[in-house]
Amino acid sequence: MKCHFYYFLLGMSVLGAACHSDKAVKDTTVTVKTEVVKNYQDELYITYPGKVKPASDVNLSFRVAGPILRIPAEAGAFVRKGELIAEIDPRDYEVQFSATEAEYKQVKAEAERVIELYKRNSVPVNDYDKAVSGLQQITAKYKAHQNALQDTRMLAPFDGYIQKKYFDAHETVSAGMPVISMINNSYFEVEIDIPSSDYVRQQYFKAFSCTFDVFPGKVFPLELIEITRKANLNQLYRMRLRLRTVSGVDIAAGMSVNVTIEYTPDEVTLTSVPVSALFEYEGESSVWIYDARTGEVHRRAVKTGKFLKTGEAVIYEGLNAGEIIVSAGVHSLEEGMKVKMLRPLSKTNVGGLL
């Protein structure tokens, strides 16, 4: 009987120990490292690399056909608006215009006499109508041949550079056939590619500027032209900006630039967190928010911007400065889990020896 009582007590003690052990496991609280979410004001100025492109690359052609007499402008040369850049042999057009001019002067003189006599009631209406109609016809013909003669001379439509010559002197061209390619020098375009994190914030864009490595210390203002609504294969959106020419600065297409986008202050709330605080949940970038009142962690989806060299990620939606997040061991946590904040090391007690 004693023996049975002994085993009963032994079993109860083992069961009690097991229950105590399970309770100890359940009461164990995970200790986590935390960080306070910080404002990130530097992101109000963000810079991307870009390229300078000509505002327009225009193919110029003659309105009339004929053999080319000369093309004085060479490829790469700068020309001013109104400067002669190519000419068709005007011989045939000069002969045509001379004949039409003589006919025009004769018809005009006769029509003016008939019109004057009509005013004096000396000629019938039919003669007057014929005179007026004949004058109109010869005037149109005269102006057409005059324009054709003028069109044998190709003048630069704007200040710019000769990019390419498609023909040389003595070659015959048809009307409308491209002869010279010109680059418009009145302004340039700058192209950059921006990620979706900036594309969704475009309503907060305030100003744009760019700098050139070849022109140190100079900042050039830009004007936004457009942002494409469809991303390319790299999931980037193309932005086009206008760059006005600056007197004394020899800007050329193909130059590299650094474009700075300025955001409107107080309109964009940006924060930064350690990259180690981020994890992915059902396709969303997320962080664990620490609730100081309950000691629990709760998942929150965030939208990330660029990643900094300091090991931090810029957050443009989902967090507010001052909130506490878990910055390490995020993959071992669960929704609503109770955690304990890891006490930060004292700067004056290195190693925790005191």
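Predicted model, so just to flag it, every value in this text is computed and none were measured. (Residues numbered from 1 in each chain as written. Predicted model: local features only at pLDDT ≥ 70, side-chain atom pairs only at ≥ 80, totals over all residues. Heavy atoms only, no water.)

A. Representation of the confidence of the model for the chain within the structure. Per-chain confidence: the chain averages 84 in pLDDT, with 87% of residues scoring 70 or above. The low-confidence segment residues 1-27 (pLDDT under 50) makes zero contacts with residues lying over four places distant or belonging to another chain. Taken as a whole, residues 349-354 scores under 50 in pLDDT and shows one contact with residues more than four places along the chain or in a different chain. (pLDDT = per-residue confidence, 0-100. Contact = heavy atoms within 4.5 Å.)

B. Structural detail: the pattern of salt bridges. Counted by the stated rule, this structure contains 21 salt bridges. With its nearest N and O atoms 3.3 Å apart, the salt bridge here joins R91 to D92. Here R91 and D92 have matching classes, each one exposed. One salt-bridge network, in which partners are shared between bridges, spans K53, E191, D193 and R238. (Salt bridge = Lys/Arg side-chain N within 4 Å of Asp/Glu carboxyl O. Buried < 20%, exposed > 50% of the residue type's maximum accessible area, 1.4 Å probe, protein only.)

C. Quick peek at the side chain of E191. Turning to its location among the elements, E191 is positioned in strand 13 (residues 187-195). You can call E191 buried: its relative accessible area is 16%. A distance of 2.9 Å separates a polar atom in the side chain of E191 from a polar atom in the side chain of R238. Among residues more than four places away in sequence, those in contact with E191 are P49, G50, K51, K53, R238, M239 and R240. (Helix = DSSP H or I, 4+ residues; strand = E, 2+ residues; numbered from the N terminus. Polar contact = N/O pair within 3.5 Å; in protein donor to acceptor, adjacent residues only side chain to side chain.)

D. Structural view of the packing of aromatic side chains. Applying the stated rule across the entire model yields 11 aromatic pairs. Judged by centre distance (4.1 Å) and plane angle (20°), the ring pair of Y118 and Y128 falls under stacked. Placement of Y118 in helix 2 (residues 91-119) and of Y128 in helix 3 (residues 125-150) is noted, with a sequence separation of 10 residues between them. Given a relative accessible area of 29%, Y118 falls into the partly exposed group. (Phe/Tyr/Trp six-rings, centres within 6.5 Å; stacked < 30°, edge-to-face > 60°.)

E. Looking closely at the environment of L224. Along the chain, the position of L224 falls in strand 15 (residues 220-227). With 34 residues separating them along the chain, L224 and V190 place their C-alpha atoms 9.5 Å apart. If near-sequence neighbours (up to four positions away) are discounted, L224 is found in contact with F208, M239, R240 and L241.

F. A look at the pairing of strand 22 (residues 303-307). Note: strand 22 against strand 23 (residues 312-317), three bridges, orientation antiparallel. Its bridge partner lying in strand 23, T304 is registered against I315. Following strand 22, the chain reverses through four residues before pairing antiparallel with strand 23; G311 in that reversal takes a positive phi of roughly 85°. (Pairing = 2+ DSSP bridges.)

G. Region of interest: the sheet that holds strand 5 (residues 57-61). One open sheet accounts for four strands, arranged 5-12-10-7; its pairing is antiparallel. Both edges of this open sheet fall to strand 5 and strand 7 (78-79), since each of them pairs with a single strand only. Inspection of the sheet shows strand 7 paired to strand 10 (residues 160-165) by two bridges, in the antiparallel sense. The partner of F78 across the bridge, within strand 10, is Y161.

H. Molecular detail of the packing of helix 2 against helix 3. Put simply, helix 2 and helix 3 touch, their axes get as near as 8 Å, and they point 155° apart. The orientation of helix 2 relative to helix 3 falls into the category roughly antiparallel. Crossing of helix 2 over helix 3 shows left-handed handedness. Of the residues assigned to the contact of helix 2 with helix 3, the class counts are 17 nonpolar, six polar and six charged. (Axes fitted to C-alpha atoms, helices over the stretch in contact; angles between N-to-C directions. Parallel < 35°, antiparallel > 145°, perpendicular 65-115°, else oblique. Left-handed = near helix turned anticlockwise from the far one by under 90°. Nonpolar A, V, L, I, M, F, W, Y, C, P; charged D, E, K, R; others polar.)

I. Here's a closer look at helix 2. Between its terminal C-alpha atoms helix 2 stretches 42 Å, which fits the 42 Å expected from 29 residues at 1.5 Å a residue. Among all positions in helix 2, only Y93, F97, T100, Y104 and A111 are buried. On its buried side, helix 2 packs onto helix 3. After helix 2 finishes, the residue N121 shows a positive phi value of roughly 60°. (Expected span 1.5 Å × (residues − 1).)

J. A look at the environment of P221. For P221, the position within the fold is in strand 15. Separated by 14 residues in sequence, P221 and A207 place their C-alpha atoms 8.2 Å apart.

K. Layout of the pairing of strand 4 (residues 45-54). Examined bridge by bridge, strand 4 and strand 17 (residues 256-263) share seven bridges and lie antiparallel to one another. Paired with Y48 across the strands is V259, a residue of strand 17. For strand 4 and strand 13, the ladder comprises four bridges, and the chain directions are antiparallel. Pairing of P54 across the sheet is with F188, part of strand 13.

L. Geometry of the sheet that holds strand 4. Pairing is antiparallel around the closed barrel formed by six strands, whose spatial order is 4-13-16-15-14-17. Strand after strand, the sheet turns through a mean of 40° between neighbouring axes, direction not considered. Both strand 15 and strand 16 (residues 236-244) contribute to a ladder of five bridges, which runs antiparallel. By the bridge assignment, E226 is partnered in strand 16 with R240.

M. The nonpolar core, seen in detail. In this structure, I192, I194, F212, M239, L243, I251 and I261 are the most contacted members of the largest nonpolar core, which totals 27 residues. Among the secondary structure elements, those contributing two or more residues to this core are strand 4, strand 13, strand 14 (205-211), strand 15, strand 16 and strand 17. With sequence-adjacent residues up to four places away left out, I261 is seen in contact with L44, Y45, I46, Y48, I192, I194, F205, A207, F208 and M239. With 21 residues, the next largest nonpolar core counts F62, A156, V173 and V179 among its residues. (Core = buried A, V, L, I, M, F, W, Y, C linked by side-chain atoms within 4.5 Å.)

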